[in-house]
Amino acid sequence: MIETITESIDDFLSRHVTDRLVTDVERIVRAAAAAEITPRFRQLAAHEIEQKSAPHDLVTVADKRAEEYLTRELPALLPGSVVVGEEAVAADPTTYEALRGSAPVWIVDPVDGTRQFVHGDPGFCTLVALALDGVVLASWTYAPALGEMAVAVRGRGARLDGELLVAGSPAPGEDLRIATSHPDYTTDDQKRALLGLRADGFAPRPCGSAGLEYLAVARGALDATAFSWELAWDHAAGLLLVEEAGGAHLTGAGVPFAVTGGNVLPFTAARDAATARRVAGALSAGA
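Now for a look at the structure at hand. Numbering of residues begins from 1 in every chain and follows the order in which that chain's sequence is written. The predicted origin of the model limits local features to residues at a pLDDT of at least 70 and limits the giving and counting of side-chain atom pairs to 80 or more, whereas totals for whole chains, interfaces and linings rest on all residues. Side-chain numbers here rest on the full set of heavy atoms in the structure, without hydrogens or water.

### Details of the packing of helix α2 (residues 19–37) against helix α3 (residues 61–77)
Closest axis-to-axis distance for the α2/α3 pair is 9 Å, and the angle between their directions is 155 degrees. Between α2 and α3, the angle falls in the class roughly antiparallel. Read as a crossing pair, α2 and α3 show a hand that is right-handed. Here Leu21, Asp24, Val25, Ile28, Val29, Ala31, Ala32, Ala35, Glu36 and Ile37 of α2 come into contact with α3, specifically with Ala62, Arg65, Ala66, Tyr69, Leu70, Glu73, Leu74 and Leu77. Fitted lines through C-alpha atoms give the axes, limited to the stretch in contact for helices. The angle between two N-to-C directions lies from 0 to 180 degrees. To qualify as a helix, a DSSP run of H or I must reach at least 4 residues; to qualify as a strand, a run of E must reach at least 2; elements of each kind are numbered from the N terminus. The labels follow the angle: roughly parallel below 35 degrees, roughly antiparallel above 145, roughly perpendicular from 65 to 115, and oblique for the rest. Crossing chirality is assigned from the near helix's rotation relative to the far helix, an anticlockwise turn below a right angle marking it left-handed and a clockwise turn marking it right-handed. Should any heavy atoms of two residues lie within 4.5 Å, those residues are counted as being in contact.

What follows is the structure in structure tokens.
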């Protein structure tokens, strides 16, 4: 069964994830941001910001309209594909089940780092990933306020503004720089696990936009992440970016993160496999 799925994935990659598709998605992502996000950056009115599940969980008119734009445009590039977007799932949680279906799935976070966006901080991005059978095949991470576009294709590497990304390895003997889940997003058990990083050799800090933290790992500016939630739109694009830059990711069960869910949390993504094992071990010790 595994061999059959692998062959199907490889065939899909070679036939459908072409240079033209990659370029067309990048064009659409840029256009969605130009039309719906950038004009509203530092221009939001109070009535254009809403609270979802909690005071730290915000959504804006930019999130909604950018997702509508992407949901309209992306499936046209790949007939038969579907979209799983953060705001659509908020309105109808059953749409998340498409991740476990047989159709190719566009996984969309229109504004990753909405809190930063609302506060006029440029540290936000638009995330798009293409997955099939739970395998992420390509991803786009666009930070419009920073002017950065990172693209990854499975087996073909990761690039930032056209330049190859290489995560490298942490410097020997230096504390590992780790972006961790914000306390607002952690349960008591997860807080205890994250305490495992409050030890010699680790330098944890609260994360910002998950997508930009993954980009920081892929470019070697951050050694690892330690996240305690598994919503696919926050992680799919960045995890492929890290993988294709030479990095690795592990859950609390010692296996790679699955975008379809059911992961043992917290989990880590790191610049190399050795660092991923070290961080995962510290999280297990904390738990």
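Anyway, onward from the coordinates.
### A few points about the sheet that holds strand β3 (residues 82–85)
Two strands are said to pair when DSSP picks up at least two bridges between them. Within the open sheet, the seven strands sit side by side as β3-β4-β5-β6-β7-β8-β9. Their pairing is mixed. A single partner strand is all that each edge strand has here, and the edge strands are β3 and β9 (163–164). In this structure, strand β8 (residues 157–160) lies alongside β9, joined through two bridges in antiparallel fashion. Across the sheet, the residue bridging to Leu160 is Glu163, located in β9. Helix-sheet contacts for helix α8 (residues 232–244) involve β3, β4 (105–112), β5 (125–132), β6 (135–143), β7 (148–153) and β8, and the interaxial angle to β6 is about 100 degrees.

### Things to note about the pattern of salt bridges
A side-chain nitrogen of Lys or Arg and a carboxyl oxygen of Asp or Glu constitute a salt bridge if their distance falls within 4 Å. Evaluation of the coordinates by the stated rule reveals 14 salt bridges. Among the salt bridges present, the one from Arg154 reaches Glu243, with a minimum N-O distance of 3.4 Å. With a gap of 89 residues between them, Arg154 in the loop between β7 and β8 and Glu243 in helix α8 connect regions that are remote in the sequence. Accessible area is worked out with a 1.4 Å probe on protein chains only. A residue is then buried under 20% of its type maximum, exposed over 50%, and partly exposed in between. Arg154 sits in the partly exposed class, given a relative accessible area of 24%. Among the salt bridges present, the one from Asp189 reaches Arg192, with a minimum N-O distance of 2.0 Å. Of this pair, Asp189 and Arg192 both sit in helix α6 (residues 188–194), three residues apart, which is roughly one turn of the helix. Put simply, Arg20, Asp24 and Arg27 are held in one network by salt bridges that share partners.

That is the geometry; function is a separate question.
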